[in-house]
Amino acid sequence: MEQFSKTGKKRWMLCEYDEEGEAIALSSVPFRISLLDLYNKVKFEVMDTENDHIEEAG
């Protein structure tokens, strides 16, 4: 997941999250959520790059 946060006039900071245990915090409002909770009910599809075939993860 990518999170962009505004740090100043025309300036943005990019944070990348790719571990289930990581948590995303928002600076504009008091909010924090883990990636595991954020994507709790999302079913991801796994891409088979050899055959360009999509399989459901699961």
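Each value, and the rule that gives it
- Residues numbered from 1 in each chain as written.
- Predicted model: local features only at pLDDT ≥ 70, side-chain atom pairs only at ≥ 80, totals over all residues.
- Heavy atoms only, no water.
- Helix = DSSP H or I, 4+ residues; strand = E, 2+ residues; numbered from the N terminus.
- Buried < 20%, exposed > 50% of the residue type's maximum accessible area, 1.4 Å probe, protein only.
- Contact = heavy atoms within 4.5 Å.
- Pairing = 2+ DSSP bridges.
- pLDDT = per-residue confidence, 0-100.
- Polar contact = N/O pair within 3.5 Å; in protein donor to acceptor, adjacent residues only side chain to side chain.

Observations concerning the overall build of the protein
Working step 1: Scanning the protein from N- to C-terminus turns up one helix and six strands.
Working step 2: Ordering the α and β elements of the protein from the N terminus gives β-β-β-β-α-β-β.
Working step 3: Sorting the 58 residues of the protein into buried and exposed places 12% on the buried side.
Working step 4: Long-range pairs, those at least 24 residues apart, make up 5% of the contacts in the protein between residues at least 6 apart in sequence.

So, the pairing of strand 1 (residues 2-8)
Working step 1: Pairing between strand 1 and strand 2 (residues 11-16): six bridges, direction antiparallel. Looking across to strand 2, one finds that Gly 8 is bridged to Arg 11.

As for the side chain of Ser 5
Working step 1: One can find Ser 5 in strand 1.
Working step 2: Residue Ser 5 is classed as buried on the basis of its relative accessible area, which comes to 16%.
Working step 3: Contact partners of Ser 5, with chain neighbours within four places excluded, come to Arg 11, Trp 12 and Met 13.

Some remarks on unusual backbone geometry
Residues other than glycine predominantly adopt negative phi, and peptide bonds predominantly adopt the trans conformation.
Working step 1: Positive phi, normally seen in glycine, also occurs at Lys 10, with a value near 60°.
Working step 2: Position of Lys 10 among the secondary structure elements: in the loop between strand 1 and strand 2.
Working step 3: Assessed through its relative accessible area of 77%, Lys 10 is described here as exposed.

Concerning the environment of Ser 28
Working step 1: Assignment of secondary structure puts Ser 28 in the loop between strand 3 (23-26) and strand 4 (31-34).
Working step 2: Taking the C-alpha atoms as reference points, Ser 28 and Ser 5, separated by 23 residues in sequence, lie 9.3 Å from one another.

A few points about the pairing of strand 2
Working step 1: Counting buried positions along strand 2 gives zero out of six residues, so the element sits mostly on the surface.
Working step 2: Connecting strand 1 to the next strand, strand 2, in antiparallel fashion are two residues, including Lys 10 with a positive phi near 60°.

Quick word on the confidence of the model for the protein
Interpretation of this model should avoid reading the predicted coordinates in detail wherever pLDDT is low.
Working step 1: Mean pLDDT for the protein: 84, with 86% of residues reaching 70 or above.
Working step 2: Across the protein, the secondary-structure element scoring lowest on mean pLDDT is strand 6 (residues 53-56), at 56, and the one scoring highest is strand 2, at 94.

As for the side chain of Ser 34
Working step 1: Here Ser 34 is to be found in strand 4.
Working step 2: Engagement of the side chain of Ser 34 in a polar contact is seen with the backbone nitrogen of Asp 37, the distance being 3.1 Å.
Working step 3: Those residues in contact with Ser 34 that lie beyond four places of it in its chain are Glu 20, Glu 22 and Ala 23.

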